[in-house]
Amino acid sequence: MSIPIYTYDAVIVGAGLAGSTAARELEKSGKKVAVITKLHPLRSHSGAAQGGINAALSHEDSIELHEFDTVKGSDYLADQDAVELMCQEAPKTIRWAERMGAAFSRNDNGTIAQRPFGGQSSPRACYAKDRTGLTLLQTVYEQALRDGVDFWDEWYAADIIYKDGAVSGVVAFNIRNQEKAIFNAKAVMFATGGYARSYKINSNAHANTGDGLSIVARHGLPLEDMEFVQFHPSGLSGNGVLISEAARGEGGKLLNSEGERFMERYAPNKMELASRDVVSRAIIQEIREGRGVGPRKDAVFIDLTHLGAELIMERLPELRDLAICFLGLDMIKEPILISATAHYSMGGIPVDKDGHARLNNTEFVEGFYAAGEVACVSVHGANRLGANSVLEALFFGRHVGKTMLKDIDGLTLHPASEEDADTMNAELEAILTSNGKERVPQLRNELQQSMTDNAGVFRTEELMVKQVALVKELRERFKDIRIDDKSKIFNTDLQEAIELGHMLDYSLFIVESALARKESRGAHYREDYTTRDDENFLLHTMAYMNKEGDISLEYMDVTLGKHEVQERTY
Amino acid sequence: MSMQAITTQQVTFNVFRFNSETDYLPYYKQITMEVTSEEVVLDILDRIKWEHDGSFSYRRSCRHGICGACAVKVNGKGVLACKERMNDMIGLFGTELTIDPVSSKHAIKDMVVDKKDFWDKHEAVEPYLISEIEEHPEMECYVTPMESEALLESDLCIQCGLCHYACPVIEINDAFLGPAAFAKAFRFNADVRDEGIDERIGIVNQPGAGIWDCVKCFECAEVCPKEVNPIEKITKLHNQTFERNDAIDNVATRHAVGFAHSIKKHGLLDEGELVRYSEGNIGVLKHVPVAIKMWKKGKIVMPWNMPKSDKLDEIKRLVKSSSTVKF
Ligand SMILES: Cc1cc2nc3c(=O)[nH]c(=O)nc-3n(C[C@H](O)[C@H](O)[C@H](O)COP(=O)(O)OP(=O)(O)OC[C@H]3O[C@@H](n4cnc5c(N)ncnc54)[C@H](O)[C@@H]3O)c2cc1C
Ligand code: SF4
Ligand code: SF4
Ligand code: FES
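Nothing here was measured: the structure is a model prediction, and the numbers come from that model. (Residues numbered from 1 in each chain as written. Chains lettered and ligands numbered in written order. Predicted model: local features only at pLDDT ≥ 70, side-chain atom pairs only at ≥ 80, totals over all residues. Heavy atoms only, no water.)

**Q** What should I look at first to understand the overall build of chain A in this one?
**A** Within chain A, the regular secondary structure consists of 16 helices and 20 strands. In terms of its C-alpha atoms, chain A occupies a principal-axis envelope of roughly 65 × 55 × 50 Å. Taken over 570 residues, chain A has a buried fraction of 69%. Residue pairs in contact within chain A that sit at least 24 positions apart in sequence constitute 75% of those at least 6 positions apart. When the accessible surface of chain A is totalled, it reaches about 17600 Å², and 47% of it is carbon and sulfur. (Helix = DSSP H or I, 4+ residues; strand = E, 2+ residues; numbered from the N terminus. Buried < 20%, exposed > 50% of the residue type's maximum accessible area, 1.4 Å probe, protein only. Contact = heavy atoms within 4.5 Å. Areas by Shrake-Rupley, 256 points an atom, 1.4 Å probe, with all protein chains shown as cover.)

**Q** How should the site of ligand 1 be read in this particular structure?
**A** Around ligand 1 lies a shell of 39 residues, among which A:Ser44, A:His45, A:Ser46, A:Glu373 and A:Ser389 are the nearest. Close to ligand 1, residues of chains A and B are found. The contact in question runs from an oxygen atom of ligand 1 to an N or O atom on the backbone of A:Ala18, over 3.0 Å. About the coverage of ligand 1: the protein hides 98% of its 1000 Å² of free accessible area. At the level of secondary structure, the elements contributing two or more residues to the shell around ligand 1 comprise helix H1 (17-28), strand S2 (33-37), strand S7 (155-163), strand S14 (336-345) and helix H11 (389-408) of chain A. Here the residues of the shell around ligand 1 sort into 17 nonpolar, 18 polar and four charged. (Near = heavy atom within 4 Å. Polar contact = N/O pair within 3.5 Å; in protein donor to acceptor, adjacent residues only side chain to side chain. Nonpolar A, V, L, I, M, F, W, Y, C, P; charged D, E, K, R; others polar.)

**Q** For this particular structure, what's the right way to read the confidence of the model for chain B?
**A** Do not read the fine detail of predicted coordinates wherever pLDDT is low. Residues and elements named next belong to chain B. Per-residue confidence for chain B gives a mean pLDDT of 83; residues scoring 70 or more make up 74%. Here residues 272-286 is a poorly scored stretch, pLDDT under 50, and it has 21 contacts once near neighbours within four places are set aside; other chains count. As scored by the predictor, the complex reaches a pTM of 0.91 and an ipTM of 0.94. (pLDDT = per-residue confidence, 0-100.)

**Q** Explain the layout of surface pockets to me, please; I cannot follow it from the model alone.
**A** Gaps left between atoms show up when a probe the size of a water molecule is rolled over them. Looking at the largest pocket, its volume works out to about 1100 Å³. As for the largest pocket, its lining consists of 36 residues, and the residues nearest its centre are A:Lys200, A:Asn239, B:Asp43, B:Asp46 and B:Trp50. Going through the elements one at a time, helix H10 (317-327), helix H13 (440-454) and helix H15 (492-516) of chain A together with helix H1 (41-52) of chain B are the ones with two or more residues in the lining of the largest pocket. By residue number, the principal contributor to the lining of the largest pocket is H1(B), which donates six residues. Among the residues making up the lining of the largest pocket, the classes are represented as twelve nonpolar, ten polar and 14 charged. (1 Å grid on protein atoms, 1.4 Å probe; cavity = no way out; pocket = protein on both sides within 12 Å on 5 of 7 lines; lining within 4 Å. Points joined across faces, edges and corners; volume = space filled by probe spheres on them.)

**Q** What is the right way to look at the sheet that holds strand S5 (residues 96-100) of chain B in this model?
**A** Pairing between the strands of a sheet is mediated by backbone hydrogen bonds and can be parallel or antiparallel. Residue and element names in this part refer to chain B. Reading across from one edge, S2-S1-S5-S3-S4 is the order of the five strands in this open sheet, with mixed pairing throughout. Each edge of the open sheet is held by one strand with a lone partner, namely strand S2 (27-36) and strand S4 (77-80). Across the sheet, the mean angle separating the axes of adjacent strands is 35 degrees when strand polarity is ignored. Examined bridge by bridge, strand S3 (residues 71-74) and S4 share four bridges and lie antiparallel to one another. Residue pairing in the sheet places Val72 in a bridge with Val79 of S4. Relative to S2, H1 is tilted by about 110 degrees, and along the sheet it contacts strand S1 (8-17), S2, S3 and S5. (Pairing = 2+ DSSP bridges. Axes fitted to C-alpha atoms, helices over the stretch in contact; angles between N-to-C directions.)

**Q** Sorry, what's going on with the site of ligand 2 here?
**A** All names here are of chain B. Near ligand 2 lie 13 residues; those nearest to it are Cys167, Cys214, Cys217, Phe218 and Cys220. Put simply, the parts of the chain that give the shell around ligand 2 at least two residues each are helix H6 (168-172), helix H9 (219-223) and helix H10 (230-243). In the shell around ligand 2, the residues fall into eleven nonpolar, no polar and two charged.

**Q** What exactly am I supposed to notice about the packing of aromatic side chains here?
**A** Each aromatic ring pair is characterised by the separation of its centres together with the angle its planes make. All names here are of chain A. Taken as a whole, this structure holds 20 aromatic pairs over all chains when the rule is applied. Counting every residue linked through ring pairs, the aromatic cluster contains Tyr6, Tyr8, Trp152, Trp155 and Phe183. In this structure, Arg398 is placed above the aromatic ring of Trp96, and the distance from its NZ or CZ to the ring centre is 3.8 Å. (Phe/Tyr/Trp six-rings, centres within 6.5 Å; stacked < 30°, edge-to-face > 60°. Lys NZ or Arg CZ within 6 Å of the ring centre and 35° of its normal.)

**Q** In this structure, what is going on with the interface of chain B and chain A? I would like to understand it.
**A** You'll often see interface size given as the accessible area lost when the parts meet. Contacts between the two partners involve 74 residues from chain B, matched on the other side by 75 residues from chain A. Each partner contributes to the roughly 6400 Å² buried at the junction of chain B and chain A, and carbon and sulfur atoms together form 52% of this total. Across the chain B-chain A interface, the total number found is 15 salt bridges. Among the ionic pairs, B:Glu38 bridges to A:Arg296, the shortest N-O distance being 2.9 Å. Here chain B and chain A share 47 residue pairs in polar contact (both at pLDDT 80 or more) between them. Counting only elements with at least two residues in the side of chain B that touches chain A, the list comes to H1, strand S6 (107-109), helix H3 (116-124), helix H4 (145-149) and helix H7 (179-189) of chain B. (Buried area = accessible area lost by both parts, 1.4 Å probe. Salt bridge = Lys/Arg side-chain N within 4 Å of Asp/Glu carboxyl O.)

**Q** Help me understand the pattern of salt bridges in this model?
**A** Think of it this way: side chains of opposite charge can pair up when their charged atoms draw near. Residue and element names in this part refer to chain A. If you walk through the whole model with that rule in mind, you get 77 salt bridges over all chains. For Lys38, the salt bridge identified is with Glu499, shortest N-O distance 2.8 Å. Highlighted residues: Lys38 in the loop between S2 and strand S3 (53-54) and Glu499 in helix H15, separated in sequence by 461 residues. Assessed through its relative accessible area of 18%, Lys38 is described here as buried. Glu499 sits in the buried class, given a relative accessible area of 6%. Ionic contacts of the salt-bridge type, sharing partners, join the residues Asp75, Glu227, Asp277, Arg281, Arg517, Glu519, Arg521, Arg532, Asp534 and Arg568 into one network.

**Q** I tried to follow the nonpolar core on my own but got confused; where do I start?
**A** Side chains of a nonpolar character, in soluble globular proteins, are inclined to be buried together. Formed by 265 residues in total, the largest nonpolar core has its most connected members in A:Phe183, A:Phe190, A:Phe396 and B:Phe13. When residues of this core are sorted by domain, at least three fall in each of domain 1 (8-113) and domain 2 (116-132 + 142-243) of chain B. Core analysis: the next-biggest nonpolar cluster, separate from the first, contains eight residues, A:Tyr344, A:Ala382, A:Leu538 and A:Val558 among them. (Core = buried A, V, L, I, M, F, W, Y, C linked by side-chain atoms within 4.5 Å. Domains from an automatic or database assignment.)

**Q** Looking at this model, I keep getting lost on the environment of A:Gly119. Mind explaining?
**A** Residue and element names in this part refer to chain A. Inspection of the secondary structure assignment puts Gly119 in the loop between strand S4 (114-115) and strand S5 (125-126). Between the C-alpha atom of Gly119 and that of Gly73, which follows or precedes it by 46 residues, the distance is 6.6 Å. If sequence neighbours within four positions are ignored, Gly119 has contacts with Asp69, Leu273, Ala274, Ser275, Leu385 and Tyr570.

**Q** Mind showing me how you'd approach the packing of H13(A) against helix H14 (residues 461-478) of chain A here?
**A** Working note: a packed helix pair is described by the angle between its axes plus the distance between those axes. Residues and elements named next belong to chain A. For the pair H13 and H14, the least separation of the axes is 10 Å and the interaxial angle reads 170 degrees. Judged on the interaxial angle alone, H14 and H13 are roughly antiparallel. Seen from H13, the contacting residues are Leu443, Glu446, Leu447, Ser450, Met451, Asp453 and Asn454; seen from H14, they are Leu463, Met464, Lys466, Gln467, Leu470, Val471, Leu474, Arg477 and Phe478. (Parallel < 35°, antiparallel > 145°, perpendicular 65-115°, else oblique.)

**Q** Just checking my understanding: could you explain empty space enclosed by the protein for this structure?
**A** All names here are of chain B. Counted according to the given criterion, the structure contains nine cavities of 30 Å³ or more. As a volume, the second largest cavity reaches approximately 120 Å³. If you go around the second largest cavity, you meet 14 residues; those closest to its centre are Arg59, Ala69, Ala71, Val113 and Lys115.

**Q** Explain helix H2 (residues 86-93) of chain B here, please?
**A** An α-helical turn contains 3.6 residues, so any two residues separated by three or four positions project in the same direction. Residues and elements named next belong to chain B. For H2, every residue scored as buried is listed here: Met86, Met89 and Ile90. Along the long axis of H2, the arc covered by the buried residues comes to 95 degrees, so they all point the same way. Away from its buried face, by an angle of more than 90 degrees, H2 presents the exposed residues Gly91 and Leu92. Those residues of H2 that are buried are in contact with S1, S2, H1, S3, S4 and S5. (Arc of directions from axis to C-beta.)

**Q** In this structure, what is going on with the sheet that holds strand S10 (residues 223-224) of chain A? I would like to understand it.
**A** Residue and element names in this part refer to chain A. Here we have three strands laid out as an open sheet, ordered S10-S19-S20, and antiparallel in their pairing. One side of each edge strand has no neighbouring strand; the edge strands of this open sheet are S10 and strand S20 (551-557). Alignment of strand S19 (residues 539-545) against S20, held across seven bridges, turns out to be antiparallel. Within S20, the position partnered with Thr541 by the bridge is Tyr555. This element, H15, spans S10, S19 and S20 of the sheet and lies at about 60 degrees to S20.

Set out below in structure tokens:
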């Protein structure tokens, strides 16, 4: 059966904050845009962001301070040109979202309210109760819909068309019935979100399987800083579901089994509001030293009882609900159980500050762009600050949309042909017909458990050498899978297998990059190299995969700026 | 989980199975599993797929109760799978549980339903802020906390569709926009920044499709996992319409006035009475199927059993505004 080829000015994969804002920007200027998304746009993970979005709005705060906190939080690995741009544009970006309809919480005088967050010098996180992402996602999607963007929802993007240094389209299939299509365009953007799903304990949606990264990497294109995975200090014990930083921002205290407020020992000034990597390590250290709580002794307490019922109900109602649902604990009456959870992906598709995807340290891929969590701009460096990533997705989504708009008239359309779907066809065929003995859930579980154990909050050479071998072995076993569902209708068995293939590939990037980075910086902590080594590693990792699936590493300079590299203490 | 030890018990699940490509009719498959006190319904769906049969299909993503993907029915009760504790389900229904899609009529594969009608209706109410968007604003619009409270949490709707597929009117009237769409219309009508209220009132005021065809069974309010309370929003839309003198004189509006009479008398809804007011005794026959359904669900209260509503003030306000319309 022949595969239809649809031609657009631009094709965007992903309909979270980044994808939807970019699409709206292009559509408003009269470009024909298709957005391909494996979830209905409103199901995108952006909607789960709870706590807030940063902007220096108030007179007590300043853009400079926001930049400084971001650069310091990043452990100086962020590119300062990109940080400057984002922080400068943050107030306008938030007010623009507000004008489009976002339902922010308000001060008595009607302005947007802000709350404190970790690693920040001033209360800077604008919020909508504890459902900030939900109101933002609804707003950008609604306005994109209003402007007539073509959303192809429940379509799975399986490949890009990449030839001679240029990307000219996306190959996808309809999850509902396996109908296939080629989307041919001058400009393609990836906004496919994060990759923390490769860890057992994580806060991410099931959909965050990092597809975009592996699709790109399989064409030999680089991935940047993949070793930097953020572990959030407060995931609910057992399943990692997130209790937003707002809980600490509003005054939550961390206690160990002895009732000690242990952050006094790790970050005497900032206490619970130190940067996330610092707090996560403190929690895991307490648990490792036997001061954990809960039925498995694998958690610590966060105590919010002193805030009182009224404040909790007003500012943290969703969080209270989550703890009641998953733990059976009411934070108004008792402390709840939390531990570190894999949460956010600093690394990703390398782009410049305007969203052009890099071919290598000096060149760019023609017609290819990325924004949001899948991209590495890098505004977060080795560790991102709370409430900066929703900002990144919202601001860079729009900004990269504008870049594409500028570029499009100068780009040429490379006409697609049916053969461009060959890789996808082969991948689907292989999974559907493979009659081996391995099961997808089993392999995925082994991958996730081992990533948490060997490439988690604390890392060593020994554990990671082991993990490289394990991921490679899992990749081999993956070739011998068998799935139960061979039908065409909503075949999530097939989809989960494709996604596992992606998770295996990008996990190898995480581990190989982490193994080679013999220092501790931000979220990447090596027990065998416990200090930061600016002389050798004030550099971005650029990792490439060859046809055999092996990874090679290069390094790229960090764009430094007015905020000088210093020691980082909280 | 709480501080106590984790407990387990054996539960038998009757799981709705259907593949529209290969099956002529749906069927139920029985699976017995050990269920722990830590688990939610989504964990069970995952385990059915991952441990028993990979072809079992359902939607899910966030597992935080915020993306709205995972709505299903357990023993007829609409739930968000990722936010419903198994212990609570067992407490309610015992250890034999039936899992169904939110609407078997719309099922395409197991728990997955074709939600096209839901999304079409969502789009039909112009679900976006209508105003000239300032693309590079120096300041936000000022909205006081009181003004933002006026949305009455309608912005918390996650489009899970539970109310939509639980609504008895949707089931018999394809044109009816339904509780989620109305809640959405209200969300923007109530926003001080919005300028589209006239347009949206025009849409929700239409006979057949609009708010007047709601039979006020409260099903939507009961099932909503986010406590959006759509029927409350529908009532507000009634008010907005009356306040603008836009209410059209037809069966449907009289329906609302019937509603008002019923309230005046009892302070609560008497659904049987209501239908009679709007169409006379002959018209009521048309509604017999709905009436029976509502009576079964305990929605039709016999006049002698009628308790006084604790929301009398709100309701009286509605009565007052509706009485300004001439018939
Ligand atoms: C629980 C939680 C709470 C958070 N809270 C905050 C917070 O308070 N503040 C903050 O700043 N950040 C927060 N974050 C981080 C922030 O939400 C994300 O980084 C951000 O929303 C990412 O947006 P995005 O547009 O890049 O991607 P997403 O919103 O994840 O969207 C990804 C899109 O890509 C699509 N997609 C992916 N793969 C494919 C494929 N193969 N084919 C087709 N489509 C595909 C998906 O369907 C989806 O539409 C939080 C994250 C989590 C997990
Ligand atoms: S109250 Fe109205 S909208 Fe809600 S379920 Fe009943 S008939 Fe439907
Ligand atoms: S109103 Fe409630 S039940 Fe209805 S779609 Fe919204 S969240 Fe779901
Ligand atoms: S999985 Fe998102 S609401 Fe349940």
